[in-house]
Amino acid sequence: MALSRVGLLRAAWSRSLPALVGSPLESTTRRLLVLPHSCQQCGGLLPAQKRHYATKKSKAKSKGQAKVNINSALVEDIINLEEVKDEMNAVVVNLKEDYSRNLSIRTSPGALDHITVSTKDGKFPLNQLGQISMTSNQVILVNMTSFPEATAAATRALRESGMNLNPEVDGTVIRVPVPKVTREHRENLAKLAKQFTNKAKESLRKVRTNALNQVKKSKDTVSEDTIKLIEKQIQQLADGVAVDLDNQLAIKTKELLG
């Protein structure tokens, strides 16, 4: 009798156990539903999603790259920004021309054309006072027969040109031996390139200042916010050209120094 009762208890316990615990599959499924980042196929945990916050560096970078754009119709009555842009770009063009005329590693007759000669009657390009020619690969001649009184001034201008020239006077003819391409000569040309670039930056600042002054004249008829937006646009134009000037200097310096 006792054994039969034990058997009945075991049968009842077996029938109630799945209801209390559930099947292994159901138990696993329940656990998987509870875990927020679980993998239903492998049972492992998936990596939690990360939220990327902007760093100070990235914020500063995006701030520096922000462009100011306003309605052109609102600006045209105050200032012509296209003309300002053209004037600033002209500064870069003039710098390239200065490089081409004055910073040739190999001295040629054309390199002397725009050397400025100061006389009692004013300042003149050398090629307007004398005839420049080349007799050989080693000597350039400047014939001052048309303006003999300017021979001394022309000789001084050649010597002070920064092109490493040592002119020799023979009556009204100035002989200019072509300097050898030495490291010192290259370094002097690189210094000249920096001087020309600094001069170009001064011209750029003048264009910017003139534009800003023109905008300020409208402060009585235009809102302060509009004035500030236009000033920012002018500054952005100037900053872009300044970067271009620095790039031109870097390229020329590399070329001159080899």
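Use the structure listed above.
Calculation criteria
- Residues numbered from 1 in each chain as written.
- Predicted model: local features only at pLDDT ≥ 70, side-chain atom pairs only at ≥ 80, totals over all residues.
- Heavy atoms only, no water.
- Axes fitted to C-alpha atoms, helices over the stretch in contact; angles between N-to-C directions.
- Helix = DSSP H or I, 4+ residues; strand = E, 2+ residues; numbered from the N terminus.
- Parallel < 35°, antiparallel > 145°, perpendicular 65-115°, else oblique.
- Left-handed = near helix turned anticlockwise from the far one by under 90°.
- Contact = heavy atoms within 4.5 Å.
- 1 Å grid on protein atoms, 1.4 Å probe; cavity = no way out; pocket = protein on both sides within 12 Å on 5 of 7 lines; lining within 4 Å.
- Points joined across faces, edges and corners; volume = space filled by probe spheres on them.
- Nonpolar A, V, L, I, M, F, W, Y, C, P; charged D, E, K, R; others polar.
- Buried < 20%, exposed > 50% of the residue type's maximum accessible area, 1.4 Å probe, protein only.

## Brief notes about the packing of helix α5 (residues 81-102) against helix α9 (residues 224-257)
Consideration 1: One can describe the packing of α5 onto α9 by two numbers: an axis separation of 10 Å at closest approach and a directional angle of 10 degrees. Looking at the two axes, α5 sits roughly parallel to α9. Regarding α5 and α9, the two cross each other, and that crossing is right-handed. Counting all contacts with α5, which are made through Leu81, Lys85, Met88, Asn89, Val91, Val92, Leu95, Lys96 and Tyr99, the residues of α9 involved are Gln233, Ile234, Leu237, Ala238, Val241, Asp244, Leu245, Gln248, Leu249 and Lys252.

## A closer look at the layout of surface pockets
Consideration 1: Considered as a void within the structure, the largest pocket measures approximately 570 Å³ in volume.
Consideration 2: Among the secondary structure elements, those contributing two or more residues to the lining of the largest pocket are α5, β1 (116-119), α7 (151-159) and α8 (183-216).
Consideration 3: Residue composition of the lining of the largest pocket, grouped by class: 10 nonpolar, eight polar and five charged.

## Digging into the side chain of Asp98
Consideration 1: Tracing the sequence through the fold places Asp98 in helix α5.
Consideration 2: Residue Asp98 is classed as buried on the basis of its relative accessible area, which comes to 15%.
Consideration 3: Sequence-distant contacts of Asp98, that is, excluding residues within four places in its chain, are made with Leu103 and Phe196.

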